[in-house]
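Chains, contacts and geometry: an overview
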Amino acid sequence: MLIRTPRDWELPESACTPERDYHLRPRRDFLRTLGGAVAGGLAAPSLLSGATAGFPSRVNPDHRDPALQPTPYELITSYCNFYEFGTGKGDPKVNANRGWKTEPWTVEISGLIRNPLKLDANDLVTRMGGAEQRVYRFRCVEAWSMVIPWDGFPLAKLIALADPLPEAKFVTFTTFNDPKSAPGQRTSALDWPYFEGLRLDEANHPLAFIATGIYGRAIPNQNGAPLRLVVPWKYGFKYGKSIVKIDFVAKQPRNTWQVMTPHEYGFYANVNPKVDHPRWSQASERVIGAGGALGQRQRTLMFNGYEAQVAPLYAGLDLRRNY
Ligand SMILES: Nc1nc2c(c(=O)[nH]1)N[C@H]1C(S)=C(S)[C@@H](COP(=O)(O)O)O[C@H]1N2
Ligand SMILES: [Mo]
């Protein structure tokens, strides 16, 4: 059970002042340190009405309002993308809890490293010094978003344990392959197993995280138990779920969605409101759980609101070509 043990100085998220209270005071520096969206500004155009439309009433004029309010646990764990367990948003919650065993679980750390190892997921968390909480924005490439209080450990800690050789330039994440337990893997919905990758410097960024819990509880099967990647400045498809192997390689890997549809999905997948998906705008997003069944619309922030932290990783890179 990968449950976080809070340290005595940690406040639970329930003790946090609701975001709306911060609006009463000009605490902008404080919000900035939280990674909060401080830019005021105009609402983004609606996804449906195209990039040049005005400001439909459903668009939230103040990005800050829903942006940092954690999405309810119920929604995070019932509105999922996990094609191994079906393509409907509600399918994984049902199908990933019909006897699929995520404990015990073995993870292999391999490739161009000095310390290859194979170990139990719980032992890995212990070796990482236990779990800490990170409340991060989450933005799916399908233009919906959440705010998720993850528990887990920085990926950089795992990389330090692996001790990469100088030739290692990328890290790959292979997720589980078990067609007996995962009905989606008995179909050709995707090229199984689901596979992802990061540049080594991206993986070493302090925001890159391995999640083992949500809201202080062990991560549910449908959200990628027992270990899943979290890279909050990238689209959700980068967050490989239920990882079995972390491999250090020299060459830029391909990832599952890039293999499936290369003209739609690239290697970087950085959240970028200025680079549209070929079939829809990325300028705004539906905030799941905010203001009605479909979610209130708000504008999307560059690098999902983590621009100050991660933009230096991409200095000199053409973000339009490297989507
Ligand atoms: N193994 C695996 N990982 C996956 C996926 C998947 O289908 N299989 N879907 C991705 C996509 S598209 C998104 S948006 C997120 C969804 O994570 P959540 O369901 O926990 O919100 O998981 C990502 N990781
Ligand atoms: Mo996604």
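Details of the structure are given in the entry above.
Keep in mind that what you see is a predicted model, and the values were worked out from it rather than measured. (Residues numbered from 1 in each chain as written. Chains lettered and ligands numbered in written order. Predicted model: local features only at pLDDT ≥ 70, side-chain atom pairs only at ≥ 80, totals over all residues. Heavy atoms only, no water.)

Bringing the overall build of the protein into the picture now. Looking only at helices and strands, the protein has ten helices and twelve strands in total. Across the 323 residues that make up the protein, the buried fraction comes to 54%. Sequence-distant contacts in the protein: of pairs separated by 6 or more residues, those separated by 24 or more amount to 70%. Per element, the accessible surface of the protein, about 14,400 Å² overall, is 55% carbon and sulfur. (Helix = DSSP H or I, 4+ residues; strand = E, 2+ residues; numbered from the N terminus. Buried < 20%, exposed > 50% of the residue type's maximum accessible area, 1.4 Å probe, protein only. Contact = heavy atoms within 4.5 Å. Areas by Shrake-Rupley, 256 points an atom, 1.4 Å probe, with all protein chains shown as cover.)

Moving on to the pattern of salt bridges. For the coordinates displayed, the defined rule picks out nine salt bridges. Close ionic contact of Lys89 with Glu142 constitutes a salt bridge, the shortest N to O distance being 3.0 Å. One end of the pair, Lys89, is in the loop between helix 4 (73-76) and helix 5 (91-95); the other, Glu142, is in the loop between strand 3 (132-140) and strand 4 (144-154), with 53 residues separating them in the sequence. (Salt bridge = Lys/Arg side-chain N within 4 Å of Asp/Glu carboxyl O.)

All right, on to the environment of Cys140 then. Turning to its location among the elements, Cys140 is positioned in strand 3. Separated by 98 residues in sequence, Cys140 and Lys238 place their C-alpha atoms 9.5 Å apart. Sequence-distant contacts of Cys140, defined by excluding residues within four places in its chain, comprise Asn81, Tyr235 and Gly236.

Before going further, it helps to examine the side chain of Glu264. Counting through the fold element by element, Glu264 comes out in the loop between helix 9 (256-260) and strand 11 (284-287). You can call Glu264 buried: its relative accessible area is 11%. Polar contacts involving the side chain of Glu264 include one to the side chain of Arg279, which spans 2.6 Å. Among residues more than four places away in sequence, those in contact with Glu264 are His277, Pro278, Arg279 and Tyr323. (Polar contact = N/O pair within 3.5 Å; in protein donor to acceptor, adjacent residues only side chain to side chain.)

Here we take up the packing of aromatic side chains. In this description, an aromatic ring pair is defined by two values, namely the gap between the centres and the angle between the planes. Within this structure, the stated rule accounts for 21 aromatic pairs. Relative to Trp105, the ring of Trp100 has its centre 6.0 Å away and its plane inclined at 80°; by these criteria the two rings are edge-to-face. Taking relative accessible area as the criterion, Trp100 reaches 6% and is therefore assigned buried. Aromatic side chains Phe267 and Tyr268 sit 5.1 Å apart centroid to centroid with 85° between the ring planes, which places their arrangement in the edge-to-face category. A relative accessible area of 3% means that Phe267 is categorised as buried. Through a chain of ring-to-ring contacts, three or more aromatic side chains come together here, namely Phe82, Phe85, Trp100, Trp105 and Phe176. In this structure, Arg137 packs its charged tip against the face of Tyr306, placed 5.5 Å from the ring centre. Note that Arg217 overlies the ring of Tyr73, its terminal NZ or CZ placed 3.9 Å from the centroid. (Phe/Tyr/Trp six-rings, centres within 6.5 Å; stacked < 30°, edge-to-face > 60°. Lys NZ or Arg CZ within 6 Å of the ring centre and 35° of its normal.)

Near ligand 1 there are 16 residues, and of these Tyr83, Glu84, Asn223, Arg228 and Lys241 occur at the shortest range. Between ligand 1 and the protein, one listed contact pairs an oxygen atom with a backbone N or O atom of Asn81 at 3.2 Å. Interatomic distance of 3.0 Å between a backbone N/O atom of Tyr239 and a nitrogen atom of ligand 1. Burial of ligand 1 by the surrounding chains reaches 98%, relative to a free accessible area of 530 Å². Class assignment for the residues of the shell around ligand 1 results in eight nonpolar, five polar and three charged. (Near = heavy atom within 4 Å. Nonpolar A, V, L, I, M, F, W, Y, C, P; charged D, E, K, R; others polar.)

Looking only at helix 7 (residues 155-162), the buried set comprises Leu155, Leu158, Ile159, Leu161 and Ala162. Along helix 7, the residues classed as buried sweep out an arc of 160° about the axis, all on the same side. With its phi angle positive at about 60°, Asp163 sits one or two positions after the end of helix 7. (Arc of directions from axis to C-beta.)

With 76 residues, the main nonpolar core has Ile109, Leu124, Trp150, Leu155, Trp233 and Phe248 as its most contacted residues. In this structure Trp233 touches Glu202, His205, Leu207, Ala208, Asn270, Val271, Phe303, Asn304, Tyr306, Val310, Leu313 and Tyr314, once residues within four positions along its chain are discounted. (Core = buried A, V, L, I, M, F, W, Y, C linked by side-chain atoms within 4.5 Å.)

Below, the discussion takes up the sheet that holds strand 2 (residues 117-120). With mixed pairing, five strands are arranged side by side in an open sheet as 2-1-10-5-6. Edge strands, defined here as strands with exactly one partner in the open sheet, are strand 2 and strand 6 (195-199). Strand after strand, the sheet turns through a mean of 15° between neighbouring axes, direction not considered. Bridge analysis of strand 1 (residues 106-111) against strand 10 (residues 243-249) gives four bridges, and the strand direction is parallel. When the bridges of strand 10 are listed, Gly111 appears paired with Phe248. (Pairing = 2+ DSSP bridges. Axes fitted to C-alpha atoms, helices over the stretch in contact; angles between N-to-C directions.)

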